[in-house]
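A look at the structure
The primary structure of each chain is shown beneath.
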Amino acid sequence: MNPDLRFSAEEIVAVRNAFNREYKDRGLIKAFLKHAAQCLQSWDRAKYYSAYFALVQASTSGKSSLLYRTGNCVYVVYCCLRDPESGGYPERSIIAKNLEDVEGQSSGQSLAKYAAYLYACIEYLTKFDVSPEEFLNQQDRQFWLGIKNRMEELQKEWSHIASKDLAGRETEFVSKLKDLWKLFLQNSRKISSDQGFSPYVIFAFDEARTLTKRNQGRETAFTFLRQACRCLPTAADNGRVIAVFTDTTSQISNFSPVKDKDISFRVTQQGLELFPQFHLLDTVDVNVDVAPKTICESQDPEFFLRYGLPLWYSLKSAKGDNGRPILETSKILNIVKSKLVGGLDFKKWCEPGRKVQLEEALAVLGCRACIDIAPQSQIASDMVASYMRLCYYISEDRYTMITNYPSDPTMTEAASQIMNCVDVLQWEHFLQPLITAMKEGVVEAGYRGELAARLLLLRAWDKASLKTQQMSPEVNVFSRSMTLEQFLSSLLASDNFDKVKLEISKSKNSPLNLRLRFNHFIQCTYTPTRMQLVEFFCRCAAVLCKRNQTGVDIILPLFSGTEDDDLAPARFSYVLIQIKNHKGKRVDSNFPNSAASMLTPVYAELEYEKPYLPFLSLYMSLGAPSPDFQIVHSGMELRGDEKKLAYGNAGSSKKKRKGKDKDYGKSKNEYVELNEDRTLRMRYQTSLATFGISDNVFGCINAKEGQLLVNLADAWPDPVKLYADEEDVLKVKRMAPLVYSLSEKKTE
């Protein structure tokens, strides 16, 4: 049975309606045409191989919509080459089979066929002076049958050209397309009269991976098609016609390969260049018109489906003839799940005995835990091509691709549901491929202690969600808020949680009733304000602090209200988390200050006014040699050792705090004032410390999961640890003098 995702009849209607809904453009069409214009202005056969560029971005980011909507501005010949077995949308074009098939044809005949395709389409525009929008609407079955018939006529006329050598064929087709283009410019009255070099005609080949399939070792159809595009008129001939190739499920390198891997002799041997790809499709959050005002609103699919990639809310908005939504939220989430596992039918994919592949693990974990993939790895391209990971940057030589997942509450809800298919999959099925990837250098191993902590916190969140939300996991069960008490009861072992609850009961300002909401992490490059914490909360996200953020690594926003209260910034507090991963060390040299007085909103520069809401500080020493748990501070007074350290540093502190024109290092009195401010904060602070990764400390994991997280926190690309045979280990050590001690064991 084919495991690929195939839409049902109901889903096809919803997808079609979603595709045809009003297009929200942030200037993307203008940017796309500008890119095309820059390519056209440079188009010269002596410098560039062909008049085409690749449109590169993840599935559901809006590539097809962009191509189609561009057809309202310029003439777009839109051909969808989707696999005939695919159930996706837009549907496969009638002409697709003719363009894919080069079986039994000589090189000359194949080139003639694609030149005829380009010629027939431009000729149609020359004969019928229609607007770009009218032309797009005319591309139905009858239109494509006409193009097909005209191609066959031209191929017969050009049979003598097909028998010539490559240079001769190219010269002939260049001449014919040049003459036709002159005629087009003379006859067409509805093309733009702009002053720039904007394109007039764009040949769009969508879902074009079928062109890259090899037939018995011959060159691919794509090779001949881009040779034909080389015959299009250049800038010197006022050429305003260019081709665009895109695909969502094949390798990006099909249409924009690195230079030394290009299959074309001309590109690799003659030093010709390819035009840069277009990849900045900023369609994330395009459907967010208004922010939710309460937790209840933020949890409503009407709001949270608006965030992230544009397809989700488009599907939600699709309505049938009766005016009602076609798809329920659960069905939309099933589509997202299928997309996350590489476009496979999730119900068929999620079967007993399933072995999770690396790409699937990186997709499901990556969109939640903010996992960095090595930019130079092939898998970075694969993740964009098939697993909805967005591409933010591609280097000029196309060797480096910086990628990541956007903050997408719909995607992270779907990923959470995948990770908690307890009858089929366990967390270990996703963690093991991740550990292997880190050891092999596919995943960036830096900050691996923080990554282990993120996964630990997400594990606690998932278990608490399943326990507290008494509803089917077919809906947004992992996107709903809970109290800090409910979360801590899942995170900590039961006896540790009982200690915390007893200690907090002594304080008048307990944080346990405050609400939190997160199922993924966002890496930020700034110190977030309370206003920005509201935005994190609405997206069901936690904060990964900027690199070297003072005192804190992770922030979980806390809301001091009910699910119906206004999400006002003034009502937000914090869970502040600091991660230590020093192997074999229990604490850092500043402990317990680093878990108490230094793990506060004022020290982290999150705020500067006196406190009015309780907050929680959590110090996590993952590399501690033995498991332990400690309540570091709860009460009004600073500990004696904290005061000693604070006063001892008074003379050397020269740190200015942003937003407060004051230098606390000038005098001891001013530093005492700072400590009084900290003392006041201690009325609101609960400070906890965990040591090691163990089910004795954390109630959300079992012993096996704990060991996997320990392995992950210690995973880095060490070749010694990739060999099982001790003789091989010794050989590696001898190949790297002084890197290893020859007496140390492989497991050290």
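Just above sits the structure.
These remarks concern the structure in this document. (Residues numbered from 1 in each chain as written. Predicted model: local features only at pLDDT ≥ 70, side-chain atom pairs only at ≥ 80, totals over all residues. Heavy atoms only, no water.)

Quick word on the overall build of the chain
Within the chain one finds 28 helices and 15 strands. When each of the 748 residues of the chain is scored for burial, the buried share is 59%. Across the chain, the fraction of contacts at a sequence separation of at least 24, relative to all contacts at a separation of at least 6, is 72%. Total accessible area on the chain stands at roughly 31200 Å², and carbon and sulfur atoms take up 49% of it. (Helix = DSSP H or I, 4+ residues; strand = E, 2+ residues; numbered from the N terminus. Buried < 20%, exposed > 50% of the residue type's maximum accessible area, 1.4 Å probe, protein only. Contact = heavy atoms within 4.5 Å. Areas by Shrake-Rupley, 256 points an atom, 1.4 Å probe, with all protein chains shown as cover.)

Quick notes on the sheet that holds strand S4 (residues 241–246)
Spatially, 4 strands are ordered S1-S4-S3-S2 in an open sheet, and the strand pairing comes out parallel. Here the strands that pair on one side only, and so sit at the sheet edges, are strand S1 (52–55) and strand S2 (75–80). Mean inter-strand twist for the sheet, computed between neighbouring axes without regard to direction, equals 20°. Looking at chain direction, S2 and strand S3 (residues 201–206) are connected through 6 bridges and run parallel. Looking at S3, one finds that cysteine 80 is bridged to aspartate 206. Seen against the sheet, helix H10 (residues 221–229) touches S1, S3 and S4 and runs at an angle of roughly 160° to S4. (Pairing = 2+ DSSP bridges. Axes fitted to C-alpha atoms, helices over the stretch in contact; angles between N-to-C directions.)

Some words on the packing of aromatic side chains
Under the defined criterion, the tally for this structure stands at 33 aromatic pairs. Judged by centre distance (6.2 Å) and plane angle (80°), the rings of tyrosine 75 and phenylalanine 184 are edge-to-face. Of this pair, tyrosine 75 sits in strand S2 while phenylalanine 184 sits in helix H9 (residues 166–187), placing them 109 residues apart in sequence. Taken as a pair, tyrosine 75 and phenylalanine 184 share a single burial class, namely buried. Ring centres of phenylalanine 135 and phenylalanine 143 lie 5.7 Å apart, and the angle between their planes is 85°; on these two criteria the pair is classed as edge-to-face. For the residue pair phenylalanine 135 and phenylalanine 143, the accessibility class agrees, reading buried in each case. One Lys or Arg, arginine 69, reaches over the ring of phenylalanine 19 and ends 5.1 Å from the middle of that ring. Of note, arginine 586 hangs over the ring of phenylalanine 691, and the distance from its end group to the ring centre comes to 3.8 Å. (Phe/Tyr/Trp six-rings, centres within 6.5 Å; stacked < 30°, edge-to-face > 60°. Lys NZ or Arg CZ within 6 Å of the ring centre and 35° of its normal.)

Notes on the pairing of strand S11 (residues 554–559)
Of all the 6 residues making up S11, 6 are buried; the element is thus mostly covered by neighbouring parts of the structure. Burial along S11 is two-sided: the face carrying Ile554, Leu556 and Leu558 and the face carrying Ile555, Pro557 and Phe559 are both buried. Inspection of the sheet shows strand S10 (residues 541–544) paired to S11 by 2 bridges, in the antiparallel sense. Within S11, the position partnered with leucine 544 by the bridge is isoleucine 554. As judged from the 6 bridges shared by S11 and strand S12 (residues 572–580), these two strands associate in the antiparallel manner. Residue isoleucine 555 lies in a different strand from S12, and its bridge partner there is leucine 576.

Points about the layout of surface pockets
Taken as a whole, the largest pocket encloses approximately 990 Å³ of empty space. In terms of lining, the largest pocket is formed by 44 residues, of which the most central are Ser59, Thr60, Tyr89, Leu311 and Lys339. Those elements that place two or more of their residues in the lining of the largest pocket are helix H1 (9–20), helix H3 (63–70), helix H14 (311–317) and helix H18 (378–386). With 4 residues, the single largest contributor to the lining of the largest pocket is H3. (1 Å grid on protein atoms, 1.4 Å probe; cavity = no way out; pocket = protein on both sides within 12 Å on 5 of 7 lines; lining within 4 Å. Points joined across faces, edges and corners; volume = space filled by probe spheres on them.)

Some remarks on the nonpolar core
Formed by 112 residues in total, the largest nonpolar core has its most connected members in Leu434, Leu455, Phe487, Leu491, Phe518 and Leu556. For this core, the element with the highest residue contribution is helix H21 (residues 448–468), accounting for 10 residues. Those residues in contact with leucine 434 that sit more than four places away from it in its chain are Leu362, Leu365, Ile371, Val443, Leu451, Leu455 and Leu712. Within the second largest apolar cluster, 92 residues are counted, among which are Ile29, Val77, Val201 and Ile202. (Core = buried A, V, L, I, M, F, W, Y, C linked by side-chain atoms within 4.5 Å.)

Some details on the pairing of strand S6 (residues 401–404)
Sheet topology note: the strand S5 (residues 390–394)/S6 ladder contains 4 bridges and is antiparallel. Looking at S6, one finds that tyrosine 393 is bridged to isoleucine 402. Taking the residues that link successive antiparallel strands as the turn, the S5-S6 hairpin has 6 residues, and the phi of arginine 398 there is positive, at about 65°.

A short note on the packing of helix H20 (residues 427–439) against H21
Interhelical geometry of H20 versus H21 gives an angle of 170° and a closest axis separation of 13 Å. For the element pair H20 / H21, the angle class is roughly antiparallel. Contacts between H20 and H21 involve Trp427, Leu431, Leu434 and Met438 from the first element and Arg448, Leu451, Leu455, Leu458, Arg459 and Asp462 from the second. Classifying every residue of the contact of H20 with H21 by side-chain character gives 7 nonpolar, no polar and 3 charged. (Parallel < 35°, antiparallel > 145°, perpendicular 65-115°, else oblique. Nonpolar A, V, L, I, M, F, W, Y, C, P; charged D, E, K, R; others polar.)

What about a nonpolar patch on the surface?
Taken together, the side chains of Tyr392, Tyr393 and Ile402 present a nonpolar region at the surface, about 300 Å² in accessible area. Mapped onto the secondary structure, isoleucine 402 falls in strand S6. The exposure class assigned to isoleucine 402 is partly exposed, which follows from its relative accessible area of 40%. (Patch = residues over 30% accessible without salt bridge, like charges linked within 9 Å, V, L, I, M, F, W, Y side chains within 5 Å. Salt bridge = Lys/Arg side-chain N within 4 Å of Asp/Glu carboxyl O.)

What about the environment of serine 407?
Inspection of the secondary structure assignment puts serine 407 in the loop between S6 and helix H19 (409–419). Put simply, serine 407 and histidine 520 are 113 residues apart on the chain and 7.9 Å apart in space, counted from C-alpha to C-alpha. In this structure serine 407 touches Gly308, His520, Ile522 and Arg539, once residues within four positions along its chain are discounted.

Describing the packing of helix H17 (residues 358–369) against H19
It is at 9 Å that the axes of H17 and H19 come closest, and there the two elements cross at 130°. Taken together, the axes of H17 and H19 are oblique relative to one another. For the pair H17 and H19, the sense of crossing is left-handed. In this structure, H17 contributes Val364, Leu365, Cys367 and Arg368 to the contact, and H19 contributes Met411, Thr412, Ala415, Ser416, Ile418 and Met419. When the residues that make up the contact of H17 with H19 are grouped by side-chain class, the tally is 7 nonpolar, 2 polar and 1 charged. (Left-handed = near helix turned anticlockwise from the far one by under 90°.)

Some remarks on helix H27 (residues 703–713)
Regarding H27, the residues found buried are Glu705, Gly706, Leu708, Leu709, Leu712 and Ala713. Viewed along the axis of H27, the buried residues span an arc of 160°, placing them on a single side of the element. Residues of H27 that are exposed and point over 90 degrees away from its buried face: Ala703 and Lys704. Structurally, H27 contributes buried residues whose contacts are with H20 and H21. Of the residues that open H27, the one with a side-chain oxygen 3.1 Å from the backbone nitrogen of lysine 704 is asparagine 702. (Arc of directions from axis to C-beta. Polar contact = N/O pair within 3.5 Å; in protein donor to acceptor, adjacent residues only side chain to side chain.)

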